[in-house]
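Chain by chain, the residues run as shown.
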Amino acid sequence: MTTAAIDINRIGYSRDVFEQFLAERVEPVWISDARREAFEIYQSLLQSELDPEEFKRVDLRVFNAARFRPSSVKAQTTEISTLLANQTEYGGSIAHVDGQTTHSHLSSQLAAQGVLFGDLLTLLIQHRELLEPSFLKKAVRPDADRFAAWHAAFWTSGTLLYVPRGVEVELPLHSLIAHSRDGIAEFGHTLVILEDDARATLLEETSSINNDMAGLHVGCVELIVGKNAGLRYVQLQNWNQRTWHLAHQAGNVDNNASLQWTVVGLGSRLSHIHQDINLTGRAATAEVNGVTFASDHQKISYYTQQHHKAQGTHSDLLYKEVLRDESRVIWRGMIKVDAAAQQTDGYQRSDALMLSENARCDSIPGLEIEADDVRCTHGATTGRVDEEQIFYAQSRGISEKEAMHMIVEGFFQQVYDRIPVEIVRETLSRTVQGKLGIEALAAV
Amino acid sequence: MSSLLKITDLHVSVGETPILKGVNMEIRQGEVHALMGPNGSGKSTLAYALAGHPNYFVTSGSIDIDGVEITELGADERARLGMFLAFQYPVVIPGVKVADFIRHAVSNIRNPDRKEGEGLVPMREFRREIRERMEALNMDTEFARRYLNDGFSGGEKKRMEILQMAMLQPRFAILDETDSGLDSDAVRVVSEGLARLSGPQMGVLIITHHERLLEFNRPQFTHVMLGGRIVETGDASLAHELHANGYATVRERHPEAAADNAQTVAAVTT
Ligand SMILES: Nc1ncnc2c1ncn2[C@@H]1O[C@H](COP(=O)(O)OP(=O)(O)OP(=O)(O)O)[C@@H](O)[C@H]1O
Ligand SMILES: [Mg+2]
C-alpha cells in the first residue's frame, strides 16, 4: 500500500455503484457489455493520475463524486427555463432531465427524409447496424481519459442526430440537458452523424432548474461530419454555479466538409471541456468559437486540440473570455499537424478581458508541427478594459458602467460575428447583459 | 439667455507635473474662439481638463457653466450638461457599432436622467437622423455599421467626431485639431459642417495649427497658449498673424512662459 492511496469514492465510482447501476437498467446485452468494458478501463484509469498537461490547473481537490449519483427515479417534467427554446422555429427538439429523456419531437417532413433525431438509447437499439460503429468509437473513445471512460460506463440518455447522404436540414434542431434535483450525476451524450453532402444545425444547451442544487455532468459530444457535409453545432453551458461540468468532446471532419463549432461557457461551479477537432479528410475545415463569461468563484477550463491529419485542411479557433469577481479561466490550446497534412492552415487565438483584479486567466497556446509546408499562427492576450475607451464613451454622456458594459459586449462581438446562427448571437448578447447585471433591457 | 462657460485661474497637473498654470477664458454660447500655441503648450490638456479626463487633475481654479461648478463632475455628467470634445486622437472601441454607440450617447444627452437599461431614442427616428447627418458630412452611411473608429483612416476618425458633435448638439464644443489629418476636400466639408452646426446655440473652441477651419468659422477671439498659460488674446487677425509669422514674436513678448513651454516639453521627452 502506498501512503497516498487514491480515495476512489471521492474521485469516481467504485464497482458497487456500477453493479447497482447496471442492475436497474433494462437494455440489450451488447450495450451492457460495452459498459462493462468501459468500466474496466475506467477502474484502471482511476488508479492513475490525470494528465498533468491537461489537468494541472484544473482544481478538482474539493470534488466529491460520492455526493452525486445517477437517478433511477422518473424525472419530473417541470418547466425548465431555457435560453434557446421558443426563440425560433425548430425542425425538432429534445429534452433530457436528470439523465432521462422527457421530450422528443421531429418534424414529419424530416423524418420522411430519413433523418433520425431523438433519444440516443432508443435509436441505438432500433438502428444498431447504422449507429453502433460510430458510437464511442470514432470521435471519443472510452480510453481517452478517466472522464470519457466514466461516461462510457454510465451514460444514460442522450441526443442522436443522424442525417442521411445529401439531406439538407434547413431548420435548426434543439437539444436541452437539464438537472432538476439535488445530487444528480448525469452522463448526457450527444452523437451527431452527417453522411456525405448532408447539412444540419444543432443548438444544445444545459440548464439547472434552480440555483441551489448541486449537480454533476460527465458529458460527451461526438460530431462526425461526412464528405462535403456541413455541420453547425452550438453548446451553451448554462448550469447553475453549483454544478460540475466535465466533458470530452470531439469532431471528425472528412474531405471538403466543414464544421462550425461554438462553445459557450456561462454557468457551472467548475467546468472542464476537452475539445478535439480532428481534420481527418483532405480540405476539411473547422471554425471554432468560444464565448466564456466567468463570474463569482467560477472556474472554467478548456483544453482544445486542432489536429490536422490530412492535406489542405484549415482550422480557425477564436476563444474570447471575460472574467469578473474571483473567477478563473484556463485555456490550453494546441495545433497539431501530422507529417501528411501539408498545405495546412491552422489558427488559434484566445483573448481574455479581465474586469477584476482578483480574477485569473491562464491562456497557453501551443504548436506541434510535423509537416513543413504549413501556415500556423497562435496567440493569446489578456487585458483590462482600456481607461481611454471608458473616458471616450463618458465624454459622450455614457456612464462609466454603461461604457464598460458596451466595451465587454464589443469584446464578445468579434466572436459573435463568426457565429452563423442569428438567434444564438441574440441570445448570447442578452445573456451576457444579464450576467453583467443590466436589469431592464433597452426597448428596441 | 445664452449660457457662459467660464474658466477661472485653472491649474492642471498630469501626475506630479503641473501643465496648466492659471488659464482664464470665457466662452459664450454662439461664440467662436480659436486656441493656438506651439506643440506642448497645453492646448489638449485644457481640452481634456474641460471634458473631465480623470488623469488630468485640477489642482486649483474652477470651471463653471452659468455659475454652476462642473470641476468635480465626471466626464459623462459634463457631457449631459452640454460639453463636447472632438478628440485630437479619437479612440477605437472594437466590436461596438457606430450606430449603437451614438444612439446610446444621444439617448443620454437628450434625457440626462437616463439610467442604463432605460429606453433609447426610437430606432426609426434615430436612423433617419443619423443618415441625414452623415450625408451632410459626405460620409458613407455604411460607417454606421462599422465598429467605432476601428480601422478608420485618420480623416475618417475626424469626420466621425464631427458626426457625433452634430448628433449631440452640445452647448460647448471643443475641437482639438479636428482639421489635422484631413485632405483639403475633407477640411472643407468639416469646416462647412461646423459652420452650419455652430450658430447661436453653440460655443466653439477651435484648437488648430491651420487656417482653413477658421476661414469658414471666423473666430471672434483668438487665444495664444504658451507654457500652460493664455499669453495673448485678440481677434481673428491674431490667428492670421500667427499663421503667417509663427510664434517667435509671441515667445519674445512672453519670455517667461516661453521658457516654461520649453521646459515642459523637455521634462516629458527626457
Ligand atoms: N497624459 C500625459 N502624460 C504625460 N505628459 C503629458 C500628458 N498629457 C500632456 N502631457 C504633457 O503636457 C504638455 C502639454 O501637452 P498638450 O498635449 O496639452 O500640448 P498641446 O498644446 O496640445 O500640443 P500639440 O500641439 O502638440 O497637440 C506636454 O509637454 C505633454 O507632454
Ligand atoms: Mg494637442
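Up top is the structure these notes are about.
Just so we're clear, the structure is a prediction, and the values are computed from it rather than from any experiment.

Asker: Kindly report on unusual backbone geometry, identifying the contributing residues and their values.
Answerer: Residues and elements named next belong to chain A. Positive phi outside glycine occurs at aspartate 98, with the angle close to 50°. Following the sequence through the fold, aspartate 98 ends up in the loop between strand S2 (92–97) and strand S3 (100–106). A relative accessible area of 1% means that aspartate 98 is categorised as buried. Even without being a glycine, asparagine 228 presents a positive backbone phi close to 60°. As for its placement among the helices and strands, asparagine 228 is situated in the loop between strand S10 (215–225) and strand S11 (230–238). We classify asparagine 228 as partly exposed; its relative accessible area is 33%.

Asker: Can you tell me about the coordination of the magnesium ion (ligand 2), naming the residues and giving the values?
Answerer: Residues and elements named next belong to chain B. Looking at the magnesium ion (ligand 2), one finds its protein donor set to be Ser44 (OG) and Gln88 (OE1), positioned 2.0 to 2.2 Å from the metal centre. Of this pair, serine 44 sits in helix H1 (residues 43–51) while glutamine 88 sits in the loop between strand S6 (83–86) and strand S7 (93–97), placing them 44 residues apart in sequence. Accessibility expressed as a relative area gives 15% for glutamine 88, which makes it buried.

Asker: Tell me what's going on with the pairing of strand S2 (residues 17–28) of chain B, and back it up with residues and numbers.
Answerer: Residue and element names in this part refer to chain B. Where strand S1 (residues 4–14) meets S2, nine bridges bridge the pair, whose relative direction is antiparallel. Paired with valine 14 across the strands is threonine 17, a residue of S2. Hairpin connection of S1 to S2: two residues between the antiparallel strands, including glycine 15 at a positive phi of 60°.

Asker: Quick one: what's the story with helix H10 (residues 400–416) of chain A, residue by residue and with numbers?
Answerer: In this model H10 of chain A runs 24 Å from its N-terminal to its C-terminal C-alpha over 17 residues, within 8% of the 24 Å that 1.5 Å per residue would give. Buried residues dominate H10 of chain A, accounting for 13 of its 17 residues.

Asker: Outline the packing of helix H2 (residues 15–23) of chain A against helix H3 (residues 29–46) of chain A, listing residues and values.
Answerer: Residues and elements named next belong to chain A. It is the contact of H2 with H3, at a shortest axis distance of 11 Å, that shows an interaxial angle of 170°. In this view, H2 runs roughly antiparallel relative to H3, as classed from their interaxial angle. Contacts between H2 and H3 involve Arg15, Phe18, Glu19, Phe21 and Leu22 on the former and, on the latter, Ser32, Arg35, Arg36, Phe39, Glu40 and Gln43. Tallied by class, residues from the contact of H2 with H3 come to four nonpolar, two polar and five charged.

Asker: Run through the nonpolar core, naming residues and quoting values.
Answerer: Core analysis: the largest hydrophobic core is formed by 116 residues, its most contacted members being Phe412 of chain A together with Leu46, Phe101 and Ile102 of chain B. Element by element, the count of residues in this core is highest for H10 of chain A, at eight residues. Apart from the residues lying within four places of it in its own chain, the contact partners of isoleucine 102 of chain B are Phe126, Ile130, Met160, Leu163, Gln164 and Met167 of chain B. In this structure, Ala38, Tyr42, Phe55 and Phe154 of chain A belong to the second largest nonpolar core, which totals 52 residues.

Asker: Could you give an account of the site of ligand 1, with specific residues and numbers?
Answerer: Residue and element names in this part refer to chain B. Taken together, 16 residues lie around ligand 1, and Asn39, Gly40, Lys43, Ser44 and Thr45 are the ones closest in. A distance of 2.9 Å separates an oxygen atom of ligand 1 from a polar atom in the side chain of asparagine 39. Contact distances for ligand 1 include 2.9 Å between an oxygen atom and a backbone N or O atom of glycine 40. Relative to its free-state accessible area of 630 Å², ligand 1 is covered by the protein chains to the extent of 73%. Listing elements by their share of the shell around ligand 1, those giving two or more residues are H1 and helix H10 (255–269). The greatest single-element share of the shell around ligand 1, amounting to three residues, is contributed by H1. Classifying every residue of the shell around ligand 1 by side-chain character gives five nonpolar, nine polar and two charged.

Asker: I'd like a rundown of the interface of chain A and chain B, residues and numbers included.
Answerer: Listed by partner, the interface residues are 28 residues for chain A and 41 residues for chain B. Three residues, Phe391, Tyr392 and Arg396 of chain A, lead the burial of chain A against chain B; their summed loss comes to 30% of the area buried on that side. Across the chain A-chain B interface, the total number found is two salt bridges. A salt bridge links arginine 396 of chain A to glutamate 161 of chain B, with the shortest nitrogen-to-oxygen separation between them at 2.7 Å. On the surface where chain A and chain B come into contact, there are 15 residue pairs in polar contact (both at pLDDT 80 or more). Counting residues per element, the side of chain A that touches chain B draws most heavily on H10 of chain A, at 10 residues. Each residue belonging to the side of chain A that touches chain B can be placed in one class, and the counts come to 13 nonpolar, nine polar and six charged.

Asker: I'd like a description of the packing of H10 of chain A against helix H11 (residues 422–436) of chain A, backed by residues and values.
Answerer: All names here are of chain A. Where H10 meets H11, the axes come as close as 11 Å, and the angle between the chain directions of the two elements is 150°. Accordingly, the angle class assigned to the pair H10 and H11 is roughly antiparallel. Judged by the sense of rotation from one axis to the other, the crossing of H10 with H11 is right-handed. Across the interface between the two elements, His405, Val408, Glu409, Phe412 and Tyr416 of H10 pack against Arg425, Leu428, Ser429, Val432, Gln433 and Leu436 of H11. Residue composition of the contact of H10 with H11, by class: six nonpolar, three polar and two charged.

Asker: So what's going on with the sheet that holds strand S17 (residues 314–323) of chain A? Residues and values would help.
Answerer: Residue and element names in this part refer to chain A. The strand order across the open sheet formed by 10 strands is S3-S2-S6-S9-S11-S13-S15-S17-S19-S21, and the pairing between neighbours is mixed. One side of each edge strand has no neighbouring strand; the edge strands of this open sheet are S3 and strand S21 (374–384). Mean inter-strand twist for the sheet, computed between neighbouring axes without regard to direction, equals 5°. In the sheet, strand S6 (residues 173–179) pairs with strand S9 (residues 199–208) via seven bridges, with the strands oriented parallel. Looking at the pairing, alanine 178 lines up with serine 207 of S9. Packed on one face of the sheet, H10 meets strand S15 (285–294), S17 and strand S19 (344–354) and runs near 165° to S17. Sheet contacts for H11: S9, S11, strand S13 (258–265) and S15; angle to S15, the most-contacted strand, approximately 20°.

The rules behind these values
Residues numbered from 1 in each chain as written. Chains lettered and ligands numbered in written order. Predicted model: local features only at pLDDT ≥ 70, side-chain atom pairs only at ≥ 80, totals over all residues. Heavy atoms only, no water. Helix = DSSP H or I, 4+ residues; strand = E, 2+ residues; numbered from the N terminus. Buried < 20%, exposed > 50% of the residue type's maximum accessible area, 1.4 Å probe, protein only. Donors = N, O, S within 2.8 Å, 3.2 Å for Na, K, Ca; no water. Pairing = 2+ DSSP bridges. Expected span 1.5 Å × (residues − 1). Axes fitted to C-alpha atoms, helices over the stretch in contact; angles between N-to-C directions. Parallel < 35°, antiparallel > 145°, perpendicular 65-115°, else oblique. Contact = heavy atoms within 4.5 Å. Nonpolar A, V, L, I, M, F, W, Y, C, P; charged D, E, K, R; others polar. Core = buried A, V, L, I, M, F, W, Y, C linked by side-chain atoms within 4.5 Å. Near = heavy atom within 4 Å. Polar contact = N/O pair within 3.5 Å; in protein donor to acceptor, adjacent residues only side chain to side chain. Areas by Shrake-Rupley, 256 points an atom, 1.4 Å probe, with all protein chains shown as cover. Buried area = accessible area lost by both parts, 1.4 Å probe. Salt bridge = Lys/Arg side-chain N within 4 Å of Asp/Glu carboxyl O. Left-handed = near helix turned anticlockwise from the far one by under 90°.

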